[in-house]
Structures are given as C-alpha cells and as structure tokens.
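# Summary of structural features
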Amino acid sequence: MKGEPSCPRCGSRVRAPGDPSAPLPLLPAELAGLVPDTIPDDLADLPVDLLPVRTSGSGVELWNCELHGSVYPVQPILAPSPAVLASVTSRSQVPLWLPWPLPHHWSFSGVAYAGDHHTGARATVMAASGPSPFGGEGDMLLIAEEMGIGLGARFAGLAGPDPGPIFEYTAAHAKVYASGRPTPMWSVPDTGDRAVFVGEARGMWLWVVLWPALAGTLLYEDLVLTDLRDAGSEIAQLPVGSLSSRFFA
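Per-chain numbering applies: the sequence of each chain, read as written, is numbered from 1 onward. Two thresholds apply to this predicted model, a pLDDT of at least 70 for residue-level local features and 80 or more for giving and counting side-chain atom pairs, whereas whole-chain, interface and lining totals are computed over all residues. With hydrogens and water excluded, all non-hydrogen atoms of the structure serve as input to the side-chain values.

## Comments concerning helix α1 (residues 82–91)
When accessible area is computed with a 1.4 Å probe and restricted to protein chains, residues below 20% of their type maximum are described as buried, those above 50% as exposed, and intermediate ones as partly exposed. We count a stretch as a helix when DSSP gives it H or I for four or more residues in a row; a strand needs E for two or more, and each element gets its number in order from the N terminus. Where α1 is concerned, the buried positions are L85, V88 and T89. Projected onto a plane normal to the axis of α1, the buried residues spread over an arc of 100° and lie on a single side. When the buried face of α1 is taken as reference, the exposed residues oriented beyond 90 degrees from it are A83 and S90. Here, residues are in contact when the closest pair of their heavy atoms is within 4.5 Å. The inward-facing, buried residues of α1 contact β4 (107–116) and β5 (120–131). Here the arc refers to the set of directions running from the helix axis out to each C-beta atom.

## A few points about the pattern of salt bridges
Between Lys or Arg on one side and Asp or Glu on the other, a salt bridge is scored when a side-chain nitrogen of the former is within 4 Å of a carboxyl oxygen of the latter. In this structure the tally under the stated criterion is 7 salt bridges. Of the charged contacts in the structure, one is a salt bridge between R15 and E66, with a shortest N-O distance of 3.4 Å. Residue R15 is located in the segment before β1 (63–65), and its partner E66 is located in the loop between β1 and β2 (69–71); the two are separated by 51 residues in the primary sequence. On the accessibility criterion, E66 (64% relative accessible area) is exposed. Through salt bridges with shared partners, a single ionic network connects R202, D227, R229 and D230.

## Concerning the pairing of β4
In terms of residue burial, β4 counts as a mostly covered element, since 10 of its 10 residues are buried. Pairing between strands requires that DSSP locate at least two bridges from one strand to the other. In this sheet, β5 lies alongside β4 in antiparallel orientation, the contact comprising 8 bridges. Across the sheet, residue A112 finds its bridge partner in β5, namely V125. Hairpin connection between β4 and β5: a loop of 3 residues separates the two successive antiparallel strands.

Shown next as structure tokens:
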C-alpha cells in the first residue's frame, strides 16, 4: 500500500474517474447477458459496476486498475489515532473490527479502507500489534469487506478476490464473537508466513490475518470482536501504537 490510491487486489496505482488515459472497463462474463449490444438511451440502465466514472444518481466513484478494471480504490494508509479512527467509522458502510478488549499489551496500529470520499468505506483494514503468544512481535489485520473487492485475499496472499470453496471441504476451525454473535472461522491453507482465517459477519467477509503463523493460536481463544462503529466515545480509550509495517508488505 502506498501514499496514493491503489488497487485493493494488487496494490498497483489506479487512475481516477474521468482520466482520459484509463481504458474502458472489461465486461465480466457473468454480466454479459445483462448488457445490451448497443448503448441504451438511458445509461442508468447499466449496472453501476460497469461504469468507469461516478454517476450523478449513485455518487459512487470507481477507479481503474490496468489489471483488474474498475475498483474501489484503497485510500492512503492512516496512522493510528482516535481522531482518525472516529473519522473513518463515521462514514464506513462496513464494520471496523477490532478485538475488545485487545490481547494483553497489544495496541491499535493503523487503519485503511477501500472506497471513495463520497460514499465511504466498502472495505476496511484494522491493525493491531503486540507480543506473539510464542515470543517475538505479533501483528494482526482484520479486514471487513463487501464480496468481490479482494482486499482480504490480497493480505492473505491469495489470487482472490474471495476465499474460494474452502467452506465446502471442512467444518470451521475456530470461532470468534463478532458483535456478540458466534462467528465460525475457517483456516485458509498454504498461506506461508502468516495464519489466515475467514468467515462472514454482518453480511460481509471477515478476514483475520496474523503474523507470524503461530500467532494464529489467538483465534482458538474465542476472540471477542467489536465493530468500532458502535463504540462511540470508547474509541478514545484504545491503546495506540506505531503504524504497522504489514500495511506495506
């Protein structure tokens, strides 16, 4: 992730809506039957995800990645502070999950989101850092996102944009409590130096990515997650650390 808007799936630079150098978006195969061969009189008849620029009705701004077409851009990383976090939570359309209380000696270490400045976040990344259960430093990223955005898969090291059919192969490996609800979580195999768990909460993907891989044992302790949009003034009580380097991995 960089100091400029980037693609949620690959991290590459994206072009702003209306940029004349941006190519026209590719039509996904599954939507081919929905789009007429000729341009309709009313462009509002087209699905908004096929439009490369913001429409006056929806207010949505889709940026363009050369590899992945129209995307919600990941905005520049925000250093951890209660004021920054309160600003993001006030405009987010998806949860901002964080263990509450945080594990012992852990702290909030940054936030990022994918979306535009008009409609708010469509995917969020919350970072926490602290001592790993087996020694050394540990890092945790919690990603909430609408399906198809691909930000969680990117941090998991997957081709993306979604976790694939792992839910069909086995029962859940762990459980968290997301806003008080038991939420099954599946361990994603073959993720190298990190542990990756994925589930669904509030109708969105919930990803938990931990470094080193052994830090994944935290997920077997019935972790309690809070959506910080519901935290109100308690956000000011979060212990704040330095910005996590995992945003830039």
